[in-house]
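Summary of the model geometry
As a plain string of letters, each chain reads:
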Amino acid sequence: MPNNPSGRQSIIAANWKMNKTLEEAGQFADNLLNRCPDPGTIEAVIAAPFTALSTLRSRLRATPFRLAAQDLFWEPAGAYTGEISAAMLVDVGCSHVIIGHSERRQGFGETDAMADKKVSAALQAGLHPIVCIGETLDERQAGQTFDVLKRQIQNSLASCSADVMPRIVLGYEPLWAIGTGVSATPQQAQEAHSYLRELLAQRWGTEAAEAVRVQYGGSVNPDSIAALMAEEDIDGALVGGASLDVDSFIQLLTYS
Ligand code: PEP
């Protein structure tokens, strides 16, 4: 259901990263459903570790909350020890998957070309990819932010055609803002988001560009979310630290 003038539905996603045991994940879901059974017009997503997905699926199955994984592998099956396919994520109840998070790019050598293959595999399986991009502090200070975003968009979405673009969610996550407590200002984030929409329009056309939802991520918390969400091209938030506590996550979902 659309809830901003552009017609795009807002999407707020928790990225739990490598946190929560089965018991903790289950308790979070129970508390969430008791206290906030319906996030209203917002699409609310929890990106949990692979180990917690099945438990969360049992609890969230008949609710409006959506489940995401934090990564996938592009091959459909086979001898890929340690990897998880798109079909497996669908099987365990995921509707979304994070792709190309900066922690995977920086810590595990993931490239735009790998992100592109993962996006294709996710789309083919019916998942919504949440594709993360963003510049480092050095790149921002050197005035390279737009160049970096352009390269990441062109290469991470290289195989996408215009018709799949409405299923893509972009996460603009400047690396200097992730986990640092220093969020981009709403103006800095809006400037980047509006540039991203321009790039999308140049490559896939205005209609496709208007349909893509662009989340901001980087130290979003219950105090900062409303001002960010008030910006025209900010369609949601991807939240790490502040999504781990259920009270804080509920405040994020009910920011308005
Ligand atoms: C993230 O990891 O996607 C993120 C935005 O983390 P944090 O909210 O903790 O900065």
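Scope of this entry: the structure provided in the associated data block. Since this is a predicted model, take the numbers as computed values, not measurements. (Residues numbered from 1 in each chain as written. Predicted model: local features only at pLDDT ≥ 70, side-chain atom pairs only at ≥ 80, totals over all residues. Heavy atoms only, no water.)

Remarks on the overall build of the protein chain
When you go through the protein chain residue by residue, the secondary structure sums to 11 helices and 8 strands. Taken over C-alpha atoms, the radius of gyration comes to 17 Å for the protein chain, in line with the 18 Å a tight globule of 256 residues would show. Across its three principal axes, the protein chain shows a C-alpha extent of roughly 45 × 45 × 35 Å. Within the protein chain, buried positions represent 52% of all 256 residues. Taking all contacts inside the protein chain whose residues are at least 6 apart in sequence as the whole, residues at least 24 apart take part in 72%. With an accessible surface of roughly 11100 Å², the protein chain has 50% of that area assigned to carbon and sulfur atoms. A gap of 5 Å separates the mean positions of the 19 positive and 30 negative side-chain charges of the protein chain. (Helix = DSSP H or I, 4+ residues; strand = E, 2+ residues; numbered from the N terminus. Rg over C-alpha atoms; globule rule 2.2 N^0.38 Å. Buried < 20%, exposed > 50% of the residue type's maximum accessible area, 1.4 Å probe, protein only. Contact = heavy atoms within 4.5 Å. Areas by Shrake-Rupley, 256 points an atom, 1.4 Å probe, with all protein chains shown as cover. Lys, Arg positive; Asp, Glu negative; His and termini not counted. Charge placed at Lys NZ, Arg CZ, Asp CG, Glu CD.)

Some words on helix α7 (residues 145–156)
The terminal C-alpha atoms of α7, which comprises 12 residues, lie 16 Å apart, in line with the 16 Å expected from a rise of 1.5 Å per residue. Looking at α7, one finds that the buried residues are Thr 145, Val 148, Leu 149, Gln 152, Ile 153 and Ser 156. Down the axis of α7, the buried set is contained in an arc of 125°. They therefore lie on one face. (Expected span 1.5 Å × (residues − 1). Arc of directions from axis to C-beta.)

A closer look at the pairing of strand β1 (residues 11–15)
Counting buried positions along β1 yields 5 of 5 residues, so the element is predominantly enclosed. In β1, alternate side chains face the same way, and those of Ile 11, Ala 13 and Asn 15 on one face and Ile 12 and Ala 14 on the other are all buried. Both β1 and strand β2 (residues 43–47) contribute to a ladder of 5 bridges, which runs parallel. In the strand pairing of β2, Asn 15 is matched with Ala 47. Both β1 and strand β8 (residues 236–239) contribute to a ladder of 4 bridges, which runs parallel. When the bridges of β8 are listed, Ala 13 appears paired with Leu 238. (Pairing = 2+ DSSP bridges.)

Some remarks on the pairing of strand β5 (residues 128–133)
For β5, a buried count of 5 out of 6 residues is recorded, marking the element as mostly surrounded by other parts of the structure. Bridge count between strand β4 (residues 96–99) and β5: 4 bridges; the pairing is parallel. Considered in β5, the bridge of Val 97 is made with Pro 129. One ladder, built from 4 bridges, connects β5 with strand β6 (residues 169–172); its direction is parallel. Following the sheet pairing, Val 131 is matched in β6 by Leu 170.

Thoughts on the environment of Asp 71
Its place among the elements puts Asp 71 in the loop between β3 (66–69) and α3 (86–91). Judged by its relative accessible area of 9%, Asp 71 falls in the buried class. The spacing of Asp 71 and Arg 104 is 33 residues in sequence and 8.7 Å in space, taken between C-alpha atoms. Those residues in contact with Asp 71 that sit more than four places away from it in its chain are Phe 50, Leu 89, Val 97, Ile 98, Arg 104, Glu 110 and Lys 118. Among the polar contacts made by the side chain of Asp 71, one reaches the side chain of Arg 104 at a distance of 3.1 Å. A polar contact of 2.8 Å, which involves the side chain of Asp 71, links it to the side chain of Lys 118. (Polar contact = N/O pair within 3.5 Å; in protein donor to acceptor, adjacent residues only side chain to side chain.)

Some thoughts on the packing of helix α5 (residues 112–125) against α7
When two helices pack together, their arrangement is given by the angle between the helix axes and by the axis-to-axis distance. At their nearest, the axes of α5 and α7 sit 8 Å apart, and the two run at 45° to each other. Taken together, the axis directions place α5 and α7 in an arrangement best described as oblique. In this structure, α5 uses Asp 112, Ala 115, Asp 116 and Val 119 to contact α7, whose residues at the interface are Arg 151, Gln 152, Asn 155 and Ser 156. Looking at side-chain class alone, the contact of α5 with α7 contains 2 nonpolar, 3 polar and 3 charged residues. (Axes fitted to C-alpha atoms, helices over the stretch in contact; angles between N-to-C directions. Parallel < 35°, antiparallel > 145°, perpendicular 65-115°, else oblique. Nonpolar A, V, L, I, M, F, W, Y, C, P; charged D, E, K, R; others polar.)

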